[in-house]
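Descriptive structure summary
Listed below are the residues making up each chain.
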Amino acid sequence: MKRKVSNDVFLFCLAVITALLLTGCNPEAGAVTYEIIYPSGNTKNGSVYDETAFVEGTSYSLQWEKAEDDKKTYDYDLKILDENGSVLYEYPDIGSETMRGMLQGDALIWVCTERWTSIHRNGYAEGCLKECNLLLIDLRDGAILFQEKAGENEFYITSDGTRCYFYDSGKEESEKLFGLIKIPPENAGIYYRDTSDWSEKHTVYTFDYAKEPDIDTSKGVETRIRFYILEDQIKAAWTSYESIGNGAWEYLEKKVYEIPIRESVVRRLP
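These lines cover the structure that appears in this document, whether it is placed above or below. (Residues numbered from 1 in each chain as written. Predicted model: local features only at pLDDT ≥ 70, side-chain atom pairs only at ≥ 80, totals over all residues. Heavy atoms only, no water.)

1. Quick notes on the sheet that holds strand 15 (residues 189–194)
Taken in spatial order, the four strands line up as 11-12-15-16 in an open sheet, and their pairing is antiparallel. Only two strands of the sheet have a single partner each, and these edge strands are strand 11 (155–160) and strand 16 (197–206). Going across the sheet, the axis of each strand differs from the next one's by a mean of 30 degrees, ignoring polarity. Relative to strand 15, strand 12 (residues 163–168) is paired through six bridges, and the arrangement is antiparallel. Bridge pairing in strand 15 links Phe166 to Tyr191. (Pairing = 2+ DSSP bridges. Helix = DSSP H or I, 4+ residues; strand = E, 2+ residues; numbered from the N terminus. Axes fitted to C-alpha atoms, helices over the stretch in contact; angles between N-to-C directions.)

Following this line, the structure appears as structure tokens:
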């Protein structure tokens, strides 16, 4: 004999399933977000959706444009623009909606193009970085002197000489075989890859946490790591977006780490 399910039970089940689906389809829900702050004050975070991106230390900019076969490949072309907005160089299929660049020496620039799976922001959400493509380009003739990829969730911060620095958020403690095997946590850290041996990771600093430090963000609506790029160090500031009264909100610093990145001798690019 078939039983008729009441409307209340049906609606309850539908609400639960919908909530689970929304959570599963939104990988950045509740995730920590990232922000890069350069010496000039230029900032890059997930709320920036401009079609052009600055190249720190220069008057040039980067521009993306959908590739001819983008409907099949989802690829973008990369363009470098001069101070007047004129196209200097164009590179097919290596651009992205999320890009940034910085000067290295007199006429070289590092360009970072990224693919993110984030839904509600233009990247910069922890756990949503699919791929990072790094290029060293000579502005004198447009030649690509170096090009390599970094893997999933390897968040590029900056470059110094031949070294490219990344942030790894670490892994929390986990279990396998119904708790019979415990996998210890892996603390977050900053490491670099060198252009001369890209496959190797060289640890620079290990944080005292995995995923997130022990800080009070209970009054905040977003937790963000701000990476300040300084002359010889990276400053990582954990912040919480909170009300400070009178309708004003700010990112309040909860914990700050200062990480030296320049050794006494750093091999320089030409």
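Moving on from the coordinates now.
2. Regarding empty space enclosed by the protein
Under the defined criterion, the tally for this structure stands at two cavities of 30 Å³ or more. The volume enclosed by the largest cavity comes to roughly 60 Å³. Around the largest cavity sit Tyr34, Trp116, Ala125, Glu126, Gly127, Cys128, Leu129, Asn153, Phe155 and Ser169, which together line it. When the residues that make up the lining of the largest cavity are grouped by side-chain class, the tally is six nonpolar, three polar and one charged. For the second largest cavity, the calculated volume is near 30 Å³. (1 Å grid on protein atoms, 1.4 Å probe; cavity = no way out; pocket = protein on both sides within 12 Å on 5 of 7 lines; lining within 4 Å. Points joined across faces, edges and corners; volume = space filled by probe spheres on them. Nonpolar A, V, L, I, M, F, W, Y, C, P; charged D, E, K, R; others polar.)

3. Some words on the layout of surface pockets
Empty pockets left among the atoms are what a rolling probe the size of a water molecule brings to light. By volume, the largest pocket amounts to about 250 Å³. Lining the largest pocket are 15 residues, and of these Met102, Ser159, Leu230, Glu231 and Arg262 lie nearest its centre. Counting residues per element, the ones that place at least two in the lining of the largest pocket are strand 7 (98–104) and strand 11. Looking at the lining of the largest pocket, its residues break down into seven nonpolar, three polar and five charged. Space inside the second largest pocket adds up to approximately 210 Å³. The wall of the second largest pocket is formed by 15 residues, among which Ser96, Glu97, Glu114, Arg115 and Trp116 lie closest to the centre. Grouping the amino acids of the lining of the second largest pocket by side-chain chemistry returns three nonpolar, seven polar and five charged.

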